[in-house]
Amino acid sequence: MVKGGETGEMGETVLFFGCRRKSEDMIYESELASWLDAGVLTTLDCAFSREQEEKVYVQHKIQERSEEISKLLVEKKGSLYICGDKTMGKDVVRILEEVLTTECVKEMEEQGRLRRDVW
């Protein structure tokens, strides 16, 4: 999420959403689609880990879009909120440390731009 300008208006908002199967686990599909249509979300990138032979997780999606994520988090001083399983949270941070640097991730945490709600 990137704030735009001094007015505090919201800038780009990218959501990486992951679950096992879209048909069984994506319970907020209509809400997410409406937020995307309304411009609340700039991008919605979904990872469904059990819908293909090789598992695809949120961290894989972040890695695929590493250049864009780096620009949003470093150049535009965006924020990142990780919510979900503790293992997933660790894997996302590990990928962020590869995409950015460990120091950059630590700096984001110190500045309150990286938040975690994991269990």
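Anything mentioned here points back to the structure above.
The text that follows walks through the structure, step by step, so that each part is easy to find.

1. Describing the overall build of the protein chain
If you tally the helices and strands in the protein chain, you get six helices and six strands. The order of helices and strands in the protein chain, counted from the N terminus, is β-β-β-α-α-β-α-α-β-α-α-β. Expected size for 119 residues packed as a compact globule is a radius of gyration near 14 Å; at 15 Å, the protein chain falls within 12% of this value. In terms of overall dimensions, the protein chain has a C-alpha envelope of 40 × 35 × 25 Å along the principal axes. Across the protein chain, the fraction of contacts at a sequence separation of at least 24, relative to all contacts at a separation of at least 6, is 61%. Carbon and sulfur atoms form 48% of the exposed surface of the protein chain, whose accessible area is close to 7900 Å². Of the charged side chains in the protein chain, 18 are positive and 25 negative, and the gap between their average positions amounts to 4 Å.

2. Section: the pattern of salt bridges
By the definition in use, this model includes seven salt bridges. Put simply, K76 and E12 hold a salt bridge, and the shortest N to O gap is 2.6 Å. Taken as a pair, K76 in the loop between α4 (66-75) and β5 (80-84) and E12 in the loop between β2 (9-10) and β3 (14-19) lie far apart in primary sequence, 64 residues in all. The exposure class assigned to E12 is partly exposed, which follows from its relative accessible area of 27%.

3. Observations regarding helix α6 (residues 102-110)
An α-helix turns once per 3.6 residues; consequently, residues spaced three or four apart project the same way. What α6 keeps buried is the set C104, V105 and M108. Burial along α6 is one-sided: seen end-on, the buried residues are contained in an arc of 100 degrees. Across α6 from its buried face, at more than 90 degrees, point the exposed residues E103 and E110. Against the buried residues of α6 lie α4, β5, α5 (86-99) and β6 (114-118). Once α6 ends, the next one or two residues include G112, with phi positive near 75 degrees.

Procedures and definitions
- Residues numbered from 1 in each chain as written.
- Predicted model: local features only at pLDDT ≥ 70, side-chain atom pairs only at ≥ 80, totals over all residues.
- Heavy atoms only, no water.
- Helix = DSSP H or I, 4+ residues; strand = E, 2+ residues; numbered from the N terminus.
- Rg over C-alpha atoms; globule rule 2.2 N^0.38 Å.
- Contact = heavy atoms within 4.5 Å.
- Areas by Shrake-Rupley, 256 points an atom, 1.4 Å probe, with all protein chains shown as cover.
- Lys, Arg positive; Asp, Glu negative; His and termini not counted.
- Charge placed at Lys NZ, Arg CZ, Asp CG, Glu CD.
- Salt bridge = Lys/Arg side-chain N within 4 Å of Asp/Glu carboxyl O.
- Buried < 20%, exposed > 50% of the residue type's maximum accessible area, 1.4 Å probe, protein only.
- Arc of directions from axis to C-beta.

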